[in-house]
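The residues making up each chain are set out below.
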Amino acid sequence: MKKVLSGNEAIARGAYEAGVRVVSSYPGTPSSEITDFVKQYKEIYCEWAVNEKVAVEVAIGASLAGRRAMSCMKHVGLNVAADPLMTLSYTGVNGGLIILVADDPNMFSSQNEQDSRNYARFAKVPMLEPSDSNEAKEYVKKGFEISEKFCTPVIVRSVTRLSHSMSAVELNERVEVEPKGLENNIPKWVMVPANARQRHIFVENRLKELEHFNNSSDFITEEINDSEIGIITSGIPYHYVKEAMPEASILKLGMVWPLPVERIKEFAKKVKKLYVIEELDPFIETELRAKGVKLRKLNRPVNGELSVDAVKKLFRKKTVKAKNPILNLPNRPPNMCPGCSHRGMFYAINKLKLFAAGDIGCYTLGLLPPLSAINSTVCMGASVSMAHGIDRASGGEYAKKSVAVIGDSTFFHTGINGLLNSAYNKGFSTVIILDNRITGMTGHQPNPGTGITIRGEEGPKVNIEMLCRAFGIKNVTTVDPFDVDECVRVLKEETAREELSVIITNRPCIFADRTVITNPYYIKEDKCTGCTACTRLGCPAISWDAKKKKALIDETLCTGCSLCPKVCRFDAIFQRGDK
Ligand SMILES: Cc1ncc(C[n+]2csc(CCOP(=O)(O)OP(=O)(O)O)c2C)c(N)n1
């Protein structure tokens, strides 16, 4: 049977058909839906781990226990999981193990544009790169076979265009794989130096065997057309090449590491001019040049996505200038939702002109005007440790005018380590944990603070306040983020302290708990003085009537969060149902 599936759904299906037993992942666009799709298969144990390092380690444990396992993440997640990955390469696997990494060329929702193919070379493990949904499913299945045959973790690389586009997929039955049992093999699994030295030799030999395998594998498709131009490509760029250069001969690679150099050299002999078309880093190109393959140079950008037109331009082909309807649309910058529980705290931070070391989540949008209350964003968890660095660099002085701002999921991911470090090293910083009980930014996945698991089963709900106190932090305050005056008061008090403080907000994400939505507010025109205090909340439900010079509330958007009446000094804002 055939079905049209997104790349992410196809990857989940591939895991199901391959007899996978355990999937442990951490959400991150564009990979998040894979694990959400996996949860429909009751044969697979699946979970949201607290971060990618933990997720991969869970998969390693499952592999050691003799079962097929997968761990999914976005590209930056692989940085967090890099530590186990590097040594997993040495141990190898028992049950097959796939790390699914989704890159984000063009950074539609990421803080950097790194090319994960470098990790395959770095860790000396094979990488498969599918180009459509059917291949995505098949490569996951083949990936498990390779993993077990060569005793290696396999990285399957997706990109946003693959993960989020849809194409036809041939569905097959699940194949139950015989469990291999817990492997007790000390020289293989205990990576003390004496054992690791031996395993490093194994890794180098494995890489040679994998290259040999790739040279004769069906991961390569050769399409011989005109002998003038030959193009080596893989993944999504393959489709751009096919459409832009139908006359060219194409060598499409499915396993992009280790490269099938022999097959590439054979292909090179069949064409006059040889090119590589790939997105992001010149990964294949650099490698082939080092191996002595003569390639023509193209002025290809190393940032952003390619497209059919971009490929045509590289070969000086005419492109048809289509009318772009998007150009006529008004600019809609991202914004926190109406009723977002983060808004009040950012209003207070802005009011006090505090320097905010930010983090990654919906609250990063606090950066934008009119709130303008985020001064740095590096990676998940960095806010807490950076605030500590800011504090220590100034002998405590800057701690009085700065805060760290972090969401609950990000806190559980890696913020927790930073906070423990600040507590242990007696810092003075003030850490604000915006606890909306959900991983908002990536699609509302539950986390250890939500109290439910990925499948909606009840689980323990971490008490962040008690956790902070267990670290030895004395000053832990919980505030209502819709009470701006209280937020300002607590911020003043805690930043003034020459001690570490934690402030926790206690309102749920509007999507995590719809019961908090109540009657909308409206503005009484005669009472509104046009002071703009409410518009400075940046709430999408509040707009400005330029003619009347007064604020307006769109009642279809308002969730009744009660924040705007609290900042209105003229009592002009009322709730429907009020007298
Ligand atoms: C290492 C890493 N993994 C995953 C992501 C994707 N990601 C961006 S924000 C975020 C979590 C946001 O949740 P939370 O901290 O609870 O804040 P909220 O969005 O709910 O405000 C995640 C997982 C990332 N940017 N980096």
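A. Structural detail: the sheet that holds strand β11 (residues 249–253). Pairing within the open sheet is mixed, and its four strands lie in the order β9-β11-β10-β13. Of all strands in the sheet, those with a lone pairing partner are β9 (221–223) and β13 (273–277), marking the two edges. Taken over all neighbouring pairs, the strand axes of this sheet differ in orientation by 15° on average, direction set aside. Looking at chain direction, strand β10 (residues 229–234) and β13 are connected through five bridges and run parallel. When the sheet's bridge partners are listed, Ile-232 is paired in β13 with Val-276. Along the sheet face, helix α11 (residues 237–244) touches β9, β10, β11 and β13 and points at about 155° away from the line of β10.

B. Just a nonpolar patch on the surface, in detail. Together, Ile-186, Val-190 and Val-192 make up a nonpolar patch on the protein surface, roughly 230 Å² of accessible area in all. Turning to its location among the elements, Val-192 is positioned in the loop between α9 (186–189) and α10 (193–215). Take Val-192: its relative accessible area is 41%, and that puts it in the partly exposed class.

C. Broad picture of the nonpolar core. If you look at the biggest cluster of nonpolar residues, it comprises 63 residues, and the most contacted ones within it are Phe-346 and Ile-349. In terms of domain composition, this core takes at least three residues from each of domain 3 (343–514) and domain 4 (518–575). With residues up to four places along the chain from it excluded, the contact list for Ile-349 reads Leu-354, Ala-356, Ala-373, Val-403, Val-405, Ile-432 and Leu-491. The next biggest cluster of nonpolar side chains, apart from the first, holds 42 residues, and it includes Val-22, Ile-60, Ala-69 and Leu-207.

D. Highlighting the packing of helix α7 (residues 133–150) against α10. Contact geometry of α7 with α10 gives a least axis separation of 11 Å together with a crossing angle of 135°. As judged from the angle between their axes, α7 and α10 are oblique. The two elements α7 and α10 cross, and the hand of that crossing is right-handed. In this structure, α7 contributes Ile-146, Lys-149 and Phe-150 to the contact, and α10 contributes Phe-202, Arg-206, Glu-209, Leu-210 and Phe-213.

E. Expanded view of the domain arrangement of the chain. According to the domain assignment, the chain consists of domain 1 (2–215), domain 2 (221–314), domain 3 (343–514) and domain 4 (518–575). Computed from C-alpha coordinates alone, the two centres of domain 2 and domain 4 are separated by 57 Å.

F. Inspection of the site of the ligand at higher detail. The environment of the ligand is made up of 26 residues, and the closest members are Glu-52, His-342, Asp-408, Thr-410 and Gly-440. Between the ligand and the protein, one listed contact pairs an oxygen atom with a side-chain N or O atom of Asp-408 at 2.7 Å. Out of a free accessible area of 580 Å², the ligand has 97% covered by protein chains. Among the elements that make up the shell around the ligand, the one with the highest residue count is helix α17 (residues 408–424) (four residues). Residue composition of the shell around the ligand, grouped by class: 10 nonpolar, 13 polar and three charged. No fewer than three residues from each of domain 1 (2–215) and domain 3 (343–514) sit in the shell around the ligand.

G. Representation of the pairing of β11 within the structure. Among the five residues in β11, five count as buried, and that is most of the element. Neither face of β11 is left uncovered, since the one carrying Ser-249, Leu-251 and Leu-253 and the one carrying Ile-250 and Lys-252 both have all their residues buried. Taken together, the three bridges between β9 and β11 define a ladder with antiparallel strand orientation. Paired with Thr-221 across the bridge in β11 is Lys-252. Both β10 and β11 contribute to a ladder of five bridges, which runs parallel. Within the sheet, the bridge partner assigned to Ile-231 lies in β11 and is Ile-250.

H. Looking closely at the environment of Tyr-275. Take Tyr-275: it is sitting in strand β13. Given a relative accessible area of 10%, Tyr-275 falls into the buried group. Taking the C-alpha atoms as reference points, Tyr-275 and Ser-24, 251 residues apart in sequence, are found 39 Å from one another. Ignoring anything within four residues of it in the chain, the contact list for Tyr-275 reads Ile-229, Gly-230, Ile-231, Ile-232, Leu-295, Arg-296, Lys-297, Leu-298 and Phe-315.

I. Molecular detail of unusual backbone geometry. Note the cis peptide between Thr-29 and Pro-30, where omega equals 10°. Looking along the chain, the bond that leaves Trp-257 and enters Pro-258 is cis, with omega of -10°. The backbone of His-444 shows a phi angle near 65°, a positive value even though the residue is not glycine. Turning to its location among the elements, His-444 is positioned in the loop between β16 (430–434) and α18 (464–470).

J. Representation of the state of the cysteines in the model. With the rule as written, the count across this model stands at zero disulfides. Here Cys-337 stays unpaired: no disulfide links it, and the sulfur of Cys-340, its closest cysteine neighbor, is 6.2 Å away. No disulfide involves Cys-561; its nearest neighbouring cysteine sulfur is the one of Cys-564, lying 6.2 Å away. Cys-561 sits in the buried class, given a relative accessible area of 18%.

K. View of a positive patch on the surface. A surface patch of positive charge is lined by Lys-351, Lys-492, Arg-536 and Arg-569. Mapped onto the secondary structure, Arg-569 falls in the loop between α20 (563–567) and β22 (573–575). The exposure class assigned to Arg-569 is exposed, which follows from its relative accessible area of 64%.

The rules we used
Residues numbered from 1 in each chain as written. Predicted model: local features only at pLDDT ≥ 70, side-chain atom pairs only at ≥ 80, totals over all residues. Heavy atoms only, no water. Pairing = 2+ DSSP bridges. Helix = DSSP H or I, 4+ residues; strand = E, 2+ residues; numbered from the N terminus. Axes fitted to C-alpha atoms, helices over the stretch in contact; angles between N-to-C directions. Contact = heavy atoms within 4.5 Å. Patch = residues over 30% accessible without salt bridge, like charges linked within 9 Å, V, L, I, M, F, W, Y side chains within 5 Å. Areas by Shrake-Rupley, 256 points an atom, 1.4 Å probe, with all protein chains shown as cover. Salt bridge = Lys/Arg side-chain N within 4 Å of Asp/Glu carboxyl O. Buried < 20%, exposed > 50% of the residue type's maximum accessible area, 1.4 Å probe, protein only. Core = buried A, V, L, I, M, F, W, Y, C linked by side-chain atoms within 4.5 Å. Domains from an automatic or database assignment. Parallel < 35°, antiparallel > 145°, perpendicular 65-115°, else oblique. Left-handed = near helix turned anticlockwise from the far one by under 90°. Near = heavy atom within 4 Å. Polar contact = N/O pair within 3.5 Å; in protein donor to acceptor, adjacent residues only side chain to side chain. Nonpolar A, V, L, I, M, F, W, Y, C, P; charged D, E, K, R; others polar. Disulfide = S-S within 2.5 Å. Lys, Arg positive; Asp, Glu negative; His and termini not counted. Charge placed at Lys NZ, Arg CZ, Asp CG, Glu CD.

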